[in-house]
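Okay, here's what each chain looks like letter by letter:
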Amino acid sequence: MRILFISEYLNDEERIRNQLSGLCEGHSLTFCYSFESAKDFINNHIVKNQTPLDLIITYSKVNFKSSNSFRDWIRLDINRTYSKNDFNLSEIPIALIVTTEENKNAFHKYNLVVDDLGVERLNLFVTDLSSCIKSWRRAVLDELDSLGIQFNSGKIDYGYYFRNIKKHNIPTVILSENFKRFPRRLNYYWLDFNKKQIEKSIDKFIKMLKRSRRIGKKGEEKKYHEFFNENEFFLLRDAYSRLWYEPRLMKNSSEYEEPDYSLKPNFSYQTDLSVLEVKLPNEAFMTKKKYHKPPRSKLIQHIIQVNDYKDYLESDEYLSEINKVYGYVPKNINYNLLIGRKETKEEHLDHLEKTMRQLGQRNLNLMTYDDLMEYQVKFLSRMQLGSVI
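Presented here is a report on the structure given in the accompanying data block. (Residues numbered from 1 in each chain as written. Predicted model: local features only at pLDDT ≥ 70, side-chain atom pairs only at ≥ 80, totals over all residues. Heavy atoms only, no water.)

Time to look at the layout of surface pockets. Its volume calculated, the largest pocket comes out at about 1,100 Å³. For the lining of the largest pocket, the element with the highest residue contribution is helix α14 (residues 369-385), accounting for six residues. Its residues placed into classes, the lining of the largest pocket shows 16 nonpolar, 13 polar and 12 charged. Volume-wise, the second largest pocket comes out at about 780 Å³. If you trace the second largest pocket, you find 33 residues lining it, with Arg2, Tyr189, Tyr240, Ser241 and Asn266 closest to the centre. The set of elements that each furnish at least two residues to the lining of the second largest pocket consists of α2 (35-47), α7 (195-215), α9 (233-236), β10 (240-245), β13 (261-265) and α14. A per-element tally of the lining of the second largest pocket places α2 first, with three residues. (1 Å grid on protein atoms, 1.4 Å probe; cavity = no way out; pocket = protein on both sides within 12 Å on 5 of 7 lines; lining within 4 Å. Points joined across faces, edges and corners; volume = space filled by probe spheres on them. Helix = DSSP H or I, 4+ residues; strand = E, 2+ residues; numbered from the N terminus. Nonpolar A, V, L, I, M, F, W, Y, C, P; charged D, E, K, R; others polar.)

Have a look at this one:
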């Protein structure tokens, strides 16, 4: 789920991300710290790029300004659309957080109004916020049905559609006039949710991890590549819109860099691209020395490999090649190394964090296979929570 959070508390970003992790992943949560900057974000990213947005969460007052004027700016905007011109901007879901002294019943034209119980208790409203999104999605399905479109199949009863358009001009609130002129399949993950497929992929992933622990390292890395290629949603979830597998980034006529996976976040406002290099689940992080514990030589090699990607992607020399591969030039890139198991990482966490700091690699995310599985389990929970099917 893609969420815009409007707040005046800059220091609470990470805590809010953690509290709302049951609703969306970190990359899918964008912060603005004034209503003016929120308007700029909507104008310059959501409307200009026709980007999806599932929910706006705002406090009733931000920097002494009332949210009602921002709400009216949204609700009275009867002409503009967002999300591939599918939806009217005026109907985007807005959730409001009010102080306990304020009367919740006094706030109108919001999809949800909740009391401010403090940042550390935001997680208590995850179900309510999800229900708010679900109600909007169900309304979309109802409008599709009224247009004679069979449950987003793309199959349209044009006789019914045009007959009624001519006679009654079938009204829609959320679906845009553009959509009604050119009815089409809505291509969104929440309409293609397949619970059984996700459950099967999690089971298979667990079996693969057990197999890797049993037989060792040989030949296993490509098996995980095959798994991810067959189950792209395992990497994409609701945090990324597309992936590139082993994109060949040419340096000259014969040399190139080839990261395993590149992923485009749903929100490219703060991060344009995520690079993921896949290693093995049974690799260790640190040696067993008692004092001055160094990292495994393999880990150092992997870090160097990812840094080669970093040097390439952040060099002005290869801008045209980067644009040719991705279709754009990312400005903000994060780098991830999928390696090892959580228990092994936590066993040496202090030494590992110290080593990464000493090597200047604190921005490289060492993601374990257990972390990845946890992302997938949370994704399944979010999809079930917000499912309209």
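Moving on, we get to the sheet that holds strand β14 (residues 273-278). The strand order across the open sheet formed by five strands is β10-β13-β14-β15-β16, and the pairing between neighbours is mixed. This sheet does not close on itself; its edge strands, each paired only once, are β10 and β16 (364-367). Each strand of the sheet is rotated relative to its neighbour by a mean of 25 degrees, with strand direction disregarded. For strand β15 (residues 333-338) and β16, the ladder comprises four bridges, and the chain directions are parallel. The partner of Asn336 across the bridge, within β16, is Asn365. Against the sheet, α14 makes contact with β14, β15 and β16, and its axis sits at roughly 85 degrees relative to β16, the strand it touches most. (Pairing = 2+ DSSP bridges. Axes fitted to C-alpha atoms, helices over the stretch in contact; angles between N-to-C directions. Contact = heavy atoms within 4.5 Å.)

The subject of this paragraph is the pairing of strand β2 (residues 29-32). Alternating positions in β2 separate into two faces, Leu29 and Phe31 on one and Thr30 and Cys32 on the other, with burial throughout. The parallel pair strand β1 (residues 3-6) and β2, bridged by helix α1 (residues 13-19), forms a crossover whose chirality is right-handed. (Buried < 20%, exposed > 50% of the residue type's maximum accessible area, 1.4 Å probe, protein only. Right-handed = clockwise from strand over helix to strand, strands pointing away.)

Here we take up the nonpolar core. Buried together is how nonpolar side chains tend to be arranged in soluble globular proteins. Counting residues in hydrophobic clusters, the biggest one holds 93 residues, and the most contacted among them are Phe5, Ile42, Ile56, Phe205 and Phe228. Looking at this core, the element that brings in the most residues is helix α4 (residues 126-146), giving eight residues. In terms of nonpolar packing, the next biggest core, distinct from the first, is built from 24 residues, Leu273, Met286, Val306 and Leu352 among them. (Core = buried A, V, L, I, M, F, W, Y, C linked by side-chain atoms within 4.5 Å.)

The tally for this structure, following the rule as stated, stands at 26 aromatic pairs. Seen in terms of ring centroids, Phe205 and Phe228 are 6.3 Å apart; in terms of plane orientation they differ by 40 degrees. Their pairing is tilted. Of this pair, Phe205 sits in helix α7 while Phe228 sits in helix α8 (residues 220-230), and the two are 23 residues apart along the sequence. Note on Tyr312 and Tyr318: the rings are 4.2 Å apart at their centroids and 10 degrees apart in plane angle, and the pair reads as stacked. Residue class for Tyr312 comes out buried when judged on its relative accessible area of 2%. Since its relative accessible area comes to 14%, Tyr318 is described here as buried. The structure contains a cluster of three or more aromatic residues connected by ring pairs, namely Phe205, Tyr224, Phe227, Phe228, Phe234, Tyr245, Tyr261 and Tyr369. A cation over an aromatic ring shows up here: Lys84 above the ring of Tyr188, its NZ or CZ 4.3 Å from the ring centre. Above the face of the Tyr256 ring, Arg248 is positioned so that its terminal group lies 4.1 Å from the ring centre. (Phe/Tyr/Trp six-rings, centres within 6.5 Å; stacked < 30°, edge-to-face > 60°. Lys NZ or Arg CZ within 6 Å of the ring centre and 35° of its normal.)

Below, the discussion takes up the pattern of salt bridges. Pairing between side chains becomes possible if they bear opposite charge and their charged atoms approach one another. Using the criterion set out here, one finds 26 salt bridges in the structure. Close ionic contact of Asp370 with Arg341 constitutes a salt bridge, the shortest N to O distance being 2.8 Å. Of this pair, Asp370 sits in helix α14 while Arg341 sits in the loop between β15 and α12 (342-347), and the two are 29 residues apart along the sequence. For the pair shown, Asp370 and Arg341 are each scored as buried. The residue Lys342 makes a salt bridge to Glu374 at a minimum N-O spacing of 3.5 Å. Placement of the pair is Lys342 in helix α12 and Glu374 in helix α14, with a sequence separation of 32 residues. Glu374 sits in the partly exposed class, given a relative accessible area of 35%. Each member of the salt-bridge network shares a partner with another, and the members are Glu25, Arg237, Asp238 and Arg382. (Salt bridge = Lys/Arg side-chain N within 4 Å of Asp/Glu carboxyl O.)

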